[in-house]
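An overview of the molecular structure
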Amino acid sequence: KAGVTQTPRYLIKTRGQQVTLSCSPISGHRSVSWYQQTPGQGLQFLFEYFSETQRNKGNFPGRFSGRQFSNSRSEMNVSTLELGDSALYLCASSSFIPGQGQEYNEQFFGPGTRLTVL
Amino acid sequence: ELKVEQNPLFLSMQEGKNYTIYCNYSTTSDRLYWYRQDPGKSLESLFVLLSNGAVKQEGRLMASLDTKARLSTLHITAAVHDLSATYFCAVDDNTDKLIFGTGTRLQVFP
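Here's what I pulled together on the structure shown here.

Rules used throughout
Residues numbered from 1 in each chain as written. Chains lettered and ligands numbered in written order. Predicted model: local features only at pLDDT ≥ 70, side-chain atom pairs only at ≥ 80, totals over all residues. Heavy atoms only, no water. Helix = DSSP H or I, 4+ residues; strand = E, 2+ residues; numbered from the N terminus. Rg over C-alpha atoms; globule rule 2.2 N^0.38 Å. Buried < 20%, exposed > 50% of the residue type's maximum accessible area, 1.4 Å probe, protein only. Contact = heavy atoms within 4.5 Å. Areas by Shrake-Rupley, 256 points an atom, 1.4 Å probe, with all protein chains shown as cover. Lys, Arg positive; Asp, Glu negative; His and termini not counted. Charge placed at Lys NZ, Arg CZ, Asp CG, Glu CD. Pairing = 2+ DSSP bridges. Axes fitted to C-alpha atoms, helices over the stretch in contact; angles between N-to-C directions.

Focus: the overall build of chain B
For chain B, the count of helices and strands is zero helices and 11 strands. The secondary structure elements of chain B, listed N-terminal to C-terminal, are β-β-β-β-β-β-β-β-β-β-β. For a compact globule of 110 residues, the expected C-alpha radius of gyration is about 13 Å, and chain B comes in at 13 Å, within 12% of that figure. For chain B, the spread of C-alpha atoms along the three principal axes comes to 40 × 30 × 20 Å. Out of the 110 residues belonging to chain B, those deemed buried represent 47%. When contacts within chain B are restricted to residue pairs at least 6 apart in sequence, long-range pairs at least 24 apart make up 54% of them. When the accessible surface of chain B is totalled, it reaches about 5400 Å², and 49% of it is carbon and sulfur. Taking the 11 positively charged and 12 negatively charged side chains of chain B as two groups, their mean positions are separated by 3 Å.

Details of the pairing of strand β8 (residues 74-78) of chain A
All names here are of chain A. Among the five residues that make up β8, five are buried, leaving the element largely enclosed by the rest of the structure. Burial along β8 is two-sided: Ser-74, Met-76 and Val-78 facing one way and Glu-75 and Asn-77 facing the other are all buried. Across five bridges, the pairing between strand β3 (residues 19-24) and β8 is antiparallel. Looking across to β8, one finds that Leu-21 is bridged to Met-76. Examined bridge by bridge, strand β7 (residues 64-68) and β8 share five bridges and lie antiparallel to one another. If you follow Phe-64 over to β8, its bridge partner there is Val-78. In this antiparallel pair of consecutive strands, β7 and β8, the connection spans five residues, and Ser-72 shows a positive phi of 80 degrees.

Quick word on the sheet that holds β7 of chain A
Residue and element names in this part refer to chain A. One open sheet holds the four strands; their spatial order is β1-β3-β8-β7, and the pairing between them is antiparallel. Edge strands, defined here as strands with exactly one partner in the open sheet, are β1 (5-7) and β7. Across the sheet, the mean angle separating the axes of adjacent strands is 20 degrees when strand polarity is ignored.

Looking at the environment of Val-19 of chain A
Residues and elements named next belong to chain A. Along the chain, Val-19 falls in strand β3. Since its relative accessible area comes to 2%, Val-19 is described here as buried. Separated by 57 residues in sequence, Val-19 and Met-76 have C-alpha atoms that sit 8.2 Å apart. Apart from the residues lying within four places of it in its own chain, the contact partners of Val-19 are Leu-11, Lys-13, Met-76, Asn-77, Val-78, Leu-81 and Leu-115.

Digging into the sheet that holds strand β7 (residues 61-66) of chain B
Residues and elements named next belong to chain B. If you walk across this open sheet you meet the five strands as β1-β3-β8-β7-β6, and the pairing is antiparallel. The open sheet is flanked by β1 (4-7) and β6 (55-58), the only strands paired with a single partner. Sheet twist, expressed as the mean angle between neighbouring strand axes with direction ignored, is 15 degrees. As paired strands, β1 and strand β3 (residues 19-25) are joined by four bridges and run antiparallel to one another. Pairing of Asn-7 across the sheet is with Tyr-22, part of β3.

Right, dumping it as structure tokens:
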């Protein structure tokens with residue numbers, strides 16, 4: 001079974017530009033979460049989608065947005081890039097279905113997209 | 001707001017020795033996860049701990065959860081070089097959102 005895939009793996013942008021990152025979850029997984037990882041702030045939750053709906057959102061400015069498609073693939077967009085947005089962006093998928101009484105929400109991570117803002 | 005703290009942040013240990021990584025969290029939760037991250041790689045799921053007193057073991061790693069103390073431990077037995085990595089605990093904030101600890105960078109030397 002293929003794992004979570006993310007494209008592109010590396011990206012260099014300049015301040016003020018915008019960027020779109022893509023994530024394909026494990027087949028059958030409908031829940032997708034995004035995280036930002038930086039040396040200073042660690043791993044921070046961005047947002048979570050299930051069935052094309054945003055379920056949870058972290059404490060990031062509105063420049064960070066995302067969406068999920070009917071095939072569960074997800075994209076995140078960052079507009080007006082700042083130097084501080086340089087980070088590893090990780091996508092994770094899970095088989096968790098809200099409201100089904102599942103015991104846990106184990107997430108499986110993709111390789112990440114390393115974004116550098118110059 | 002849930003806060004998760006890990007200690008130590010860095011751990012340099014000799015092969016064959018034992019050590020424990022601690023994960024404290026600030027509000028009630030009964031779902032805790034441990035992940036491993038190798039340099040330049042993504043996160044690999046190690047353990048899922050779901051209830052008070054839960055203990056899971058895989059090879060030289062053993063994780064436990066005390067929900068009353070809001071504490072999880074990851075114990076390393078007879079460390080080997082292959083265990084060198086960064087270890088994260090993550091706690092469910094009861095909205096299915098994971099809050100990660102700061103990570104513990106483990107280096108095992110001969």
